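A look at the structure
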Amino acid sequence: MKRSTLLASALLAAGVAAAPPSELLVLGSGASEGMPSQYCVCGFCRRARTEGGRNYRFRTAFQLGETIRIDWGPDAVAQAFRFRLEPWKLRHVFITHSHEDHLFPMDFWVRGVSQLPEESWVTVYGNRQVLAAIDRMIGGDWKKNRLTPVLAEPGKTIELPGENLRVTPLAANHTSPEQSLMYAFEAPRWKLLVTGDTDVFPEASWKFLKDFKLTAVTVDATWGMEDRHESHLGIPNVVELAKRLRSVGAADGRTRIVPVHFAHGKGARLHSELEQILMPLGMEPSYDGMRIQLEPAKE
């Protein structure tokens, strides 16, 4: 048994609950091409390069505390350097789907050619296509790479006693026949939804979210200001989604609604423009390095 698992078991046996993570770090907030698109000379990408700052966006990914990662795309190494991460401390990696901007299998192979701390062991959660892609890259040798595969299925809750968390995969609306996933995280004092790439949520996911009062939600807004679906959402669609979240008791005025996964294109806007548009609507645009506090303030 891994040392981290033994420690968690000992704490639970002693009646000491593990402290859940308290902060979500946005490692990347751009779509598949990043932002600005590296080859593109459209007017928006030129403006984004000139403005710089929060208009530079890695591909979308998140880290929850030190031990949990959501999605692992091709910018993972650059994200680790920029944000001074310590990936050897990770215990759990949740992948939303197998598209290359969300899953870069080679980095899992790299574990097998690295000198890892004895306790470094990662459980990877994903659908069949995600696990198959990693399996091909590592030649089926999960043990050598100190990885454990777990099939994530909509509605089947995963317990993380070492982090004092419950995680429920939910069906997203993005790929077919592959079932893309959203992940709902639940700690004793907060709830978080990471939608990954999705169009309007399937009804089964709405059923789960009824009265699931969210502290924060990160939501696909790939198309920017376009009213457009096509396996993603635009901000006009996110506005409607936010209304439904409130109507089913999943959000209220305190819920942080954070659009992510911005693409270039005719609906794209600079970060400062997104702030002007979203803040009056009770939402806030994500940016690389954004830290979303989840634990309520102590009174």
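For the structure, see preceding data.
Here the structure is a predicted model, which means the values were calculated and not measured.

The next subject is the environment of His-232. Following the sequence through the fold, His-232 ends up in the loop between strand 11 (216–220) and helix 7 (235–247). In the structure, His-232 is positioned ten residues away from Thr-222 in sequence and 6.1 Å away in space, judged by C-alpha atoms. Discounting chain neighbours no more than four positions away, the residues touching His-232 are His-174, Asp-197, Thr-198, Asp-199, Asp-220, Thr-222, Trp-223 and His-261. One polar contact links His-232 to Asp-220, side chain to side chain, over a distance of 2.7 Å.

Strand order in the open sheet made by the six strands is 7-8-9-10-11-12, with mixed pairing throughout. Of all strands in the sheet, those with a lone pairing partner are strand 7 (158–160) and strand 12 (256–260), marking the two edges. The average undirected angle you get between the axes of adjacent strands in this sheet is 20°. Bridging between strand 8 (residues 165–171) and strand 9 (residues 181–186) involves six bridges; their strand directions are antiparallel. Looking at strand 9, one finds that Ala-171 is bridged to Leu-181. The strands touched by helix 7 within the sheet are strand 11 and strand 12, with strand 11 carrying the most contacts at an inclination of about 145°.

What follows deals with the layout of surface pockets. The calculated volume of the largest pocket comes to roughly 480 Å³. What lines the largest pocket is a set of 21 residues, among which Trp-72, Pro-87, Trp-88, Asp-107 and Arg-111 lie closest to the centre. If you list the elements that add at least two residues to the lining of the largest pocket, you get helix 3 (76–82) and helix 4 (106–110). If you tally residues by element for the lining of the largest pocket, the top one is helix 3, at four residues. Taken together, the residues of the lining of the largest pocket sort by class into 15 nonpolar, three polar and three charged. By volume, the second largest pocket is sized at about 320 Å³.

A few words on helix 7. With 13 residues, helix 7 extends 18 Å between its outermost C-alpha atoms, agreeing within 8% with the 18 Å of an ideal straight helix rising 1.5 Å per residue. Buried within helix 7 are the following residues: Ile-235, Asn-237, Val-238, Val-239, Leu-241, Ala-242 and Leu-245. Of the surrounding elements, those touching the buried residues of helix 7 are helix 6 (203–209), strand 11, strand 12 and helix 8 (271–278). Gly-249 sits one or two residues past helix 7 and shows a positive phi near 80°.

Below, the discussion takes up the sheet that holds strand 3 (residues 68–70). Pairing is mixed in the open sheet, where seven strands are placed in the order 6-5-4-3-2-1-13. In the strand order of this sheet, the two ends are held by strand 6 (147–151) and strand 13 (291–293), each with one partner. Ignoring which end each strand starts from, the neighbouring axes of this sheet average 20° apart. Sheet analysis places strand 3 next to strand 4 (residues 92–94), joined by three bridges and oriented parallel. Looking at the pairing, Ile-68 lines up with His-92 of strand 4. The sheet contacts of helix 5 (residues 128–137) involve strand 5 (122–126) and strand 6, and relative to strand 5 the element is tilted by about 135°.

Before going further, it helps to spend a moment on the pairing of strand 5. Burial analysis of strand 5 places five of its five residues in the buried class, which makes it a mostly covered element. Residues Val-122, Val-124 and Gly-126 of strand 5 are buried on one face, and the alternating residues Thr-123 and Tyr-125, pointing to the opposite face, are buried as well. Pairing of strand 4 with strand 5, which is carried by three bridges, proceeds in the parallel orientation. Its bridge partner lying in strand 5, Phe-94 is registered against Tyr-125. Pairing between strand 5 and strand 6: five bridges, direction parallel. Counted as the bridge partner of Tyr-125 is Val-150 from strand 6. Running through helix 5, the crossover from strand 5 to the neighbouring parallel element strand 6 is right-handed.

Thresholds, definitions, all that
Residues numbered from 1 in each chain as written. Predicted model: local features only at pLDDT ≥ 70, side-chain atom pairs only at ≥ 80, totals over all residues. Heavy atoms only, no water. Helix = DSSP H or I, 4+ residues; strand = E, 2+ residues; numbered from the N terminus. Contact = heavy atoms within 4.5 Å. Polar contact = N/O pair within 3.5 Å; in protein donor to acceptor, adjacent residues only side chain to side chain. Pairing = 2+ DSSP bridges. Axes fitted to C-alpha atoms, helices over the stretch in contact; angles between N-to-C directions. 1 Å grid on protein atoms, 1.4 Å probe; cavity = no way out; pocket = protein on both sides within 12 Å on 5 of 7 lines; lining within 4 Å. Points joined across faces, edges and corners; volume = space filled by probe spheres on them. Nonpolar A, V, L, I, M, F, W, Y, C, P; charged D, E, K, R; others polar. Expected span 1.5 Å × (residues − 1). Buried < 20%, exposed > 50% of the residue type's maximum accessible area, 1.4 Å probe, protein only. Right-handed = clockwise from strand over helix to strand, strands pointing away.

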